[in-house]
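Next come the chains, spelled out residue by residue.
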Amino acid sequence: YQDGKSGVYYDAWRSTNARARSIYDLTYKYAKGTLTQADIDDNRSDILTLAEEIDWVSIGKSYVASTPYSDGSAVDYQNNSGTELTDGILGASDLGTEWHAFHITKLDPDGRMNVTIDLGEVYNDLTHFLIQFSHLEKYGIDDPADDVKIYISENGTDFTLLAEPSLEYVDTTSYVTYDCEPVSARYVKYSLVNSNANFVFCGEAAVGVDKEEV
């Protein structure tokens with residue numbers, strides 16, 4: 001509870017964030033033997049999800065990203081499968097395995113942090129772009145600098161700058177979103193610059209098209 005200082009459950013008890021507070025409430029109910037499936041389902045109801053009205057064609061596709069941080073410890077975010085950024089799951093935990101941990105010491109040769117998604121074929125109707133970040137300064141995790149660029153390419157070699165949208169903030173996460181008239185690409189690259197923090201945690205890099213009306 002205290003963990004040598006204020007610990008997880010103490011912080012959860014004091015938190016004004018509903019999901020953080022639920023760590024304390026659900027654990028209390030479990031210890032008292034009163035936890036129900038309904039309690040768990042209610043708590044999951046606000047888990048962040050990608051917009052359902054968009055067909056996210058990037059889900060399950062391969063990507064190349066700047067090397068994630070790992071020091072060999074057992075912290076969850078370091079258990080990196082190489083599928084986190086296109087699994088369709090937005091980051092919701094503090095330090096879970098859904099995050100790709102960019103680090104200030106592991107930059108690409110261009111001095112930036114990059115994610116390049118291979119959609120597998122050229123799509124002529126790409127209209128929605130999204131990349132999600134965490135900002136938890138107590139862990140040395142912060143948003144990237146407001147210098148996020150989106151590039152597109154049909155061959156994976158010649159990239160064209162599509163947009164430089166600004167960050168949007170929601171609770172302990174932030175997003176870059178961009179909607180546009182249909183563009184053609186097979187490869188989509190998100191490029192960012194680290195801020196002053198050690199880490200930039202990325203939960204999802206997504207590309208979508210408008211769903212066809214049935």
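Cut-offs and rules
Residues numbered from 1 in each chain as written. Predicted model: local features only at pLDDT ≥ 70, side-chain atom pairs only at ≥ 80, totals over all residues. Heavy atoms only, no water. Helix = DSSP H or I, 4+ residues; strand = E, 2+ residues; numbered from the N terminus. Buried < 20%, exposed > 50% of the residue type's maximum accessible area, 1.4 Å probe, protein only. Contact = heavy atoms within 4.5 Å. Pairing = 2+ DSSP bridges. Core = buried A, V, L, I, M, F, W, Y, C linked by side-chain atoms within 4.5 Å. Salt bridge = Lys/Arg side-chain N within 4 Å of Asp/Glu carboxyl O. Phe/Tyr/Trp six-rings, centres within 6.5 Å; stacked < 30°, edge-to-face > 60°. Polar contact = N/O pair within 3.5 Å; in protein donor to acceptor, adjacent residues only side chain to side chain.

A separate point is the overall build of the chain. When its secondary structure is counted, the chain shows three helices and nine strands. Considering the chain as a whole, with its 214 residues, one finds that 41% of them fall into the buried category. Here the contacts in the chain between residues at least 6 apart in sequence split such that 72% fall between residues at least 24 apart.

What follows covers the pairing of strand E4 (residues 113-134). Burial runs high along E4: 17 of the 22 residues are buried. With four bridges joining them, strand E2 (residues 62-65) and E4 adopt antiparallel strand pairing. When the sheet's bridge partners are listed, Val-64 is paired in E4 with Thr-116. Bridge analysis of E4 against strand E8 (residues 173-192) gives 15 bridges, and the strand direction is antiparallel. Opposite Phe-133, over in E8, you have Ser-174 as the bridge partner. As paired elements, E4 and strand E9 (residues 199-210) share six bridges and run antiparallel to each other. Across the sheet, His-128 pairs through a bridge with Gly-208, a residue of E9.

Attention now goes to the nonpolar core. Most often, soluble globular proteins have nonpolar side chains that are buried together. Counting residues in each nonpolar core, the largest one holds 31 residues, and the members touching the most others are Leu-126, Phe-129, Val-188 and Tyr-190. Of all the elements in the fold, those that place two or more residues in this core are E4, strand E5 (149-153), strand E6 (160-163), E8 and E9. With nine residues, E4 is the largest single contributor of residues to this core. Judged by nonpolar contacts, the second largest core, of eight residues, contains Leu-136, Ile-141, Phe-199 and Phe-201.

Before going further, it helps to examine the pattern of salt bridges. Opposite charge on two side chains makes pairing possible when the charged atoms of those side chains draw close. Per the counting criterion, the structure on display carries four salt bridges. The partner of Arg-112 in a salt bridge is Asp-147, with the nearest N and O atoms 3.1 Å apart. Of this pair, Arg-112 sits in the loop between strand E3 (100-103) and E4 while Asp-147 sits in the loop between E4 and E5; the two residues are 35 residues apart in sequence, bridging distant segments of the chain. The exposure class assigned to Arg-112 is buried, which follows from its relative accessible area of 13%. Judged by its relative accessible area of 24%, Asp-147 falls in the partly exposed class. With a closest N to O distance of 3.4 Å, Asp-147 and Lys-149 form a salt bridge. Residue Lys-149 is classed as buried on the basis of its relative accessible area of 16%. Several salt bridges share partner residues, and in doing so they unite Arg-112, Asp-147, Lys-149 and Glu-164 into one network.

Looking now at the environment of Tyr-151. As for its placement among the helices and strands, Tyr-151 is situated in strand E5. The sequence separation of Tyr-151 and Ala-185 amounts to 34 residues, and the corresponding C-alpha distance is 9.4 Å. In contact with Tyr-151, other than residues within four places in its own chain, are Phe-159, Thr-160, Leu-161, Leu-162, Tyr-187, Val-188, Lys-189 and Ser-191.

Attention now goes to the packing of aromatic side chains. By the definition in use, this model includes six aromatic pairs. Consider the rings of Tyr-77 and Phe-199, whose centres lie 5.7 Å apart with planes at 75 degrees: the pair is edge-to-face. Here Tyr-77 is found in the loop between E2 and E3, whereas its partner Phe-199 is found in strand E9, with 122 residues between them in sequence. Neither residue differs from the other here; Tyr-77 and Phe-199 are each classed as buried. Between the aromatic rings of Phe-199 and Phe-201, the centroid separation amounts to 5.7 Å while the plane-to-plane angle is 80 degrees, which identifies the pairing as edge-to-face. The same class applies to Phe-199 and to Phe-201, which are both buried.

Residue position: Tyr-123 is located in strand E4. Once you skip the residues sitting within four places of it in the chain, Tyr-123 turns out to touch Val-57, Lys-61, Val-183, Ser-184 and Ala-185. Among the polar contacts listed, one links the side chain of Tyr-123 to the side chain of Lys-61, at a separation of 3.3 Å.

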